[in-house]
Every structure is written in C-alpha cells, then in structure tokens.
Amino acid sequence: MPRRKAADRTGPVKTRSRSGCRECRASRVRCDTKKPVCTRCQQKGLPCSTNLELKWESEFASRGVAFGRAGVWSKTRSDEKQPSSELSDETREWCLLPHIQSWGFVNIGVGTFENPNEVDVVSNEQHHVSLPYRTVPNALIFRAIDPGPSPALSLFPQISQLGHGELLDYYLQQVCPRTTASSTMSSPFASVILPFSVSASPTLFRAIQALGACHLARANPSYAPLGLRLKSETLRDLRRRLSIEGSLTCSADPEVLVIMMMLCLYEIADKCDQQWTIHLKGAKDLIRLRRQRALTPPQTPDTSHPVSAFAEHFFAFQDVMGRTACAKEVLFGSDYWRADDHNIDLWMGCSPELVSILSIITDMSRERRHLDSDHDRDAFNHRAASIEHQLENLIQEVGDDGDDDALASAAEAKRLAALLYLHCGLYGASPTTPVVADYVNQILRLVSDQLILGSLASVTWPLFVAGVELDPSHDELWSTPDDPVSGRSIILRALAAMGESTISNIARTRAVIIQVWQARDQDLVKAPQMNGLNDWEWYVVPVSDAMSLA
C-alpha cells in the first residue's frame, strides 16, 4: 500500500518529544514528559531521568559509528560519496602546544568558597604541587656547614642514658644548617646551644631529640611517634620543674628558655598551629620576670648570658615576624632590639635595626584604624614617611667576614619586603599600586636567584609578603629567552624547595598564600566591599593567625 502524502493525513502528527526522558528515548517510544516520573517509567518501574547526556564525536569515530545524523541522510538522495572532511597533510595547519609546567589549579574544592577565612592545611598539602625529587638540588637537601667531627658521645653522657644518639647527630648535621642562610658561618643553634648543652640536664637533650625526630619524620614518618613521645616527656619534666622551683627561680636559668625554644620549634615544624604561641607567651612571662629581677638588687648573675640573649632574640623575632601577618598586638616590642645595630644576625637573616622597624610598623598599622582627626592623620603620615626613608637608606652589614652573598641577599629581601609591608599596612597600597608591583618584582628576582643557587633559608617572610601581594591579573613579571616568568610559578617552586631547605612549616605558609590567591581570583569578577579595611587587612589578616614567618 503506498504511503500517504503529508497533505492527505488527518489529525496531529505524532512526534517524539525533545524533552522526553532518557529511558523512553533509548527505547524509541514517545514520552509523555510527566513529572517527576513519566507514565511509562512509572508503569515499568524504570528510573526516569532527563539529565543531559554529552556525546563526543571522537568517541563515536573511534568505534566506527556515525555521530548523530551526520552523513546518514541527504535531501538529494545521491549515492555519491560525500567529500571527506579530513584534510590532507598539505592543507592541515598544526598548532604548537605550549610548554606545560607541573602546576595545578589553586581553587581545589567547595570549601574554598564556603569557608574563605579557614585555612585547611591538610587538604592543601594533599593537592599542593611539589618539585620532583630529582630536580631539587642536592644543596637544598644536604647543604650543611660542617661543624667538624661529630661530638663524641662521651661529652654527652645523658645521650648514653636516653638512647637515640642519631637524633642529636641529625640535629647538628641537618637541623642547625637549615636555620641560617650563611654559607660560611655556623648556626647559633650549634655554636651557642651545643657548648651550653655539655652540662645540661636530660630534659634539654630530650627537647633537642624531639625536634630532630619531628624534622626527620618529614622524610621518615616512622620517627613521628618517637618525636611525640620525647616531646611529651619534655613537657612533663618542664611542668614539674616550674611547679617545684617556681617561675621566678626558673627565669634565672637559661636552660629553661632553651627547652621552651626547642618545644616551640617542634610545634612550628609539626603543625604550626596555636600550640607554638603557648610556648611564646610562656617565654614572654619568664623573660619579663628575668628582666625585672635584673633591675632589683641583688642582681642576678650575668644578665647578658649568651644563651639567654639568644633565646630572647629567638622568641622576640618569632613574635614580630608572625604578627606582621595577623596585625595583632606585639608581645615583644622594639625595646628588645638595638636600633643602631646594623650587623646581620645569622639566624634572623637581617639586622636588629630592621626587626625594630618592623615592630614599629606593625604597631602603627594598628594605630591607623583609630585615627580620628586630620592632625592625627598628618602626624601619622609624617611618621610613616620618616620610617620609609629610614628603610630606603638602611645598610645591613654582614660582619667581620663581609663575604657572604647568601646572607646579604636574604637581608636585602627582608628590607624590600619591609618596604612593601609598610606601603600596604600604613599607606593602604594594593597589588595594583605601581610601587607594590615594583617591590614584588624585586623580591621575586632575589628569590629566583637564590632558588637557582639552592639557598632559600631566611626568605620565608619576604616570599610570603611578595606572594600575598602578587597581582593576579599581571602574573608575568619578566621574560627570559625561553618563556615569560610567572610570579606564581616562582613562588610555588620556591616553596617546594624550601620544604627541604628550612625547618619552617612551609605547608602552612603555602596554604595561606594560596588562600589569598583564591580570594583575589574570586574578586576579579566582583570587587569586594572592604568597609574601610586596607588590602592587607582584608585579604591577609583573616587567614594568618598564629603563623611562624621567622
């Protein structure tokens, strides 16, 4: 029987619905599109789904199946072969693939958007990009100032009783060299602490061993339980001593501060959370008692003890550098630093004069929020300009040797970072401000040079300041004969290398920097309402509590 023409048909033309469910379309039957379940699927007990199914032409081509209706029918009903869509090698134009680096996206999950002010270090560490082991220079792993032959265990009879003598050797050979940028002079963690430890109690050796085990656990996780046990035993002994002797008596003994210093470093290297600030505050109370006692007759013996002086500078420096990020009140003020001392400290990687200036800038950044009158603002700006001038003309001296390029480079990076911090904290500058972009460029050039040389100790704070103030819309800083240089690429490479070359908690530093990048990336679409806060207070302060940037 001949098929009726369309003009002779009566009634509505039955067609398949374009919005039908996947089950009906797969069976080639009409779907009544009833919601939430069509009639056919309800009767047959089938899962009714209208989700869009994506189909890829390359997948169909690999199976030798036609993609949709392409090439299936033609109005001309011609049997002639359709011209092939493939191009000949002569007409095909190949595009070169760009060189893909081993960097990933920094926005890694829904939590980034749901909790923008909470830094998930564990999640970030799981997704962070690290350099392959073979590309990390050996100098970054085993760079050490040879302190000479390992000390004979007979000098430390406590070690024979405690056991795990390899942890003391690891502390000397691997931990101490990572605490200074100098390539010619020994770290004070060896030159000052080691001679003092000859007559120390077993509690101090447990603290040193705990720190060594904690750092060694980065490469060998089996040492983590041992480090935790040694730390617990050290805390138990320290609490017992403070309870029996009292804080006033303990404040006069340098060993107590050294023990607290090792415990503080343990917490920084381990998780870098609020725990390390507990030791910081405890040390502040003991140092305050020690100084008060020195001013009251009869004075305590030798208040300028080198171990006590080093411990004071350790805690004060940790406090000043950490509070630049969170903008909280400084515990150890500028009175702990000689403003006329231009010599670069081996551990701090800068001069005490620079640390004193940083302490003042942090205090002024807090004062800025409470300026009420034009007179106060004028006085504030005049003082800020004076400090800026002081930083611009600051000269930091290496010392008697005068030939330590790595140490001098770290000090210069900190000076530039201090100027950048001043502009952001006191003048309200942001990454788009030309002077900020210029300082970020200079800092990252120094870091890039140090990355090539394999010496990245003492640059944690400059790298952090440059990282959080990097302009996301102008990431390419300069060009090389091969490729343009990306600021984020340099920072991520440096952080990956610093995980091997420092004792700082790079995981926490990296997580905070990436958190700031994520916030800036989101705000490229919609400008934020800062409600009177400057760029540093809006992006950096909320995610930077209890950071160790020393």
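In case you missed it, the structure is sitting above this.
A quick note: this is a predicted structure, and the numbers were derived from the prediction, not measured.

(A) Expanded view of the overall build of the protein. Within the protein one finds 24 helices and two strands. For the protein, with 550 residues in total, the buried portion stands at 45%. Look at the contacts in the protein between residues 6 or more apart in sequence, and 71% of them connect residues 24 or more apart. Approximately 29,800 Å² of the protein is accessible, and the part contributed by carbon and sulfur atoms is 53%.

(B) Region of the structure containing the side chain of Thr460. In this structure, Thr460 sits in helix H21 (residues 460-468). Look at Thr460 and you get buried, because its relative accessible area is 4%. When residues no more than four places from it in sequence are discounted, the contact partners of Thr460 are Met498, Ser504, Thr509, Leu549 and Ala550.

(C) Broad picture of the packing of helix H11 (residues 202-216) against helix H14 (residues 254-270). With their axes 9 Å apart at the nearest point, H11 and H14 run at an angle of 15° to one another. The orientation of H11 with respect to H14, classified from their angle, is roughly parallel. Between H11 and H14 lies a crossing of left-handed hand. For the pair H11 and H14, contact is made by Thr203, Leu204, Ala207, Ile208, Ala210, Leu211 and Cys214 and by Glu255, Val258, Ile259, Met262, Leu265, Tyr266, Ala269 and Asp270, respectively. Residue composition of the contact of H11 with H14, by class: 12 nonpolar, one polar and two charged.

(D) Seen up close, the nonpolar core. Judged by nonpolar contacts, the single largest core of 135 residues is most densely connected at Tyr171, Phe189, Met262, Phe315, Leu391, Leu444 and Phe464. Beyond its immediate stretch of four places on either side in the chain, Tyr171 contacts Cys176, Phe189, Ile193, Ile208, Leu211 and Met262. Judged by nonpolar contacts, the second largest core, of five residues, contains Cys24, Cys31, Cys38 and Cys41.

(E) Looking closely at unusual backbone geometry. Of note, the amide linkage connecting Lys35 to Pro36 takes the cis form, showing an omega dihedral of 0°. Structurally, Pro36 is set in the loop between helix H1 (22-26) and helix H2 (39-44). In this model, Ser458 sits at a positive phi of 70°, which is unusual for a non-glycine residue. By the element assignment, Ser458 lies in the loop between helix H20 (434-453) and H21.

(F) Representation of the pattern of salt bridges within the structure. Taken as a whole and assessed by the stated rule, the structure comprises 23 salt bridges. We note a salt bridge from Arg377 to Asp374, for which the minimum N-O separation is 2.8 Å. One end of the pair, Arg377, and the other, Asp374, are both in helix H18 (residues 374-392), three residues apart, so they sit about a helical turn from each other. Each member of the salt-bridge network shares a partner with another, and the members are Arg206, Arg229, Glu233, Arg236, Asp237 and Arg240.

The rules behind each value
Residues numbered from 1 in each chain as written. Predicted model: local features only at pLDDT ≥ 70, side-chain atom pairs only at ≥ 80, totals over all residues. Heavy atoms only, no water. Helix = DSSP H or I, 4+ residues; strand = E, 2+ residues; numbered from the N terminus. Buried < 20%, exposed > 50% of the residue type's maximum accessible area, 1.4 Å probe, protein only. Contact = heavy atoms within 4.5 Å. Areas by Shrake-Rupley, 256 points an atom, 1.4 Å probe, with all protein chains shown as cover. Axes fitted to C-alpha atoms, helices over the stretch in contact; angles between N-to-C directions. Parallel < 35°, antiparallel > 145°, perpendicular 65-115°, else oblique. Left-handed = near helix turned anticlockwise from the far one by under 90°. Nonpolar A, V, L, I, M, F, W, Y, C, P; charged D, E, K, R; others polar. Core = buried A, V, L, I, M, F, W, Y, C linked by side-chain atoms within 4.5 Å. Salt bridge = Lys/Arg side-chain N within 4 Å of Asp/Glu carboxyl O.

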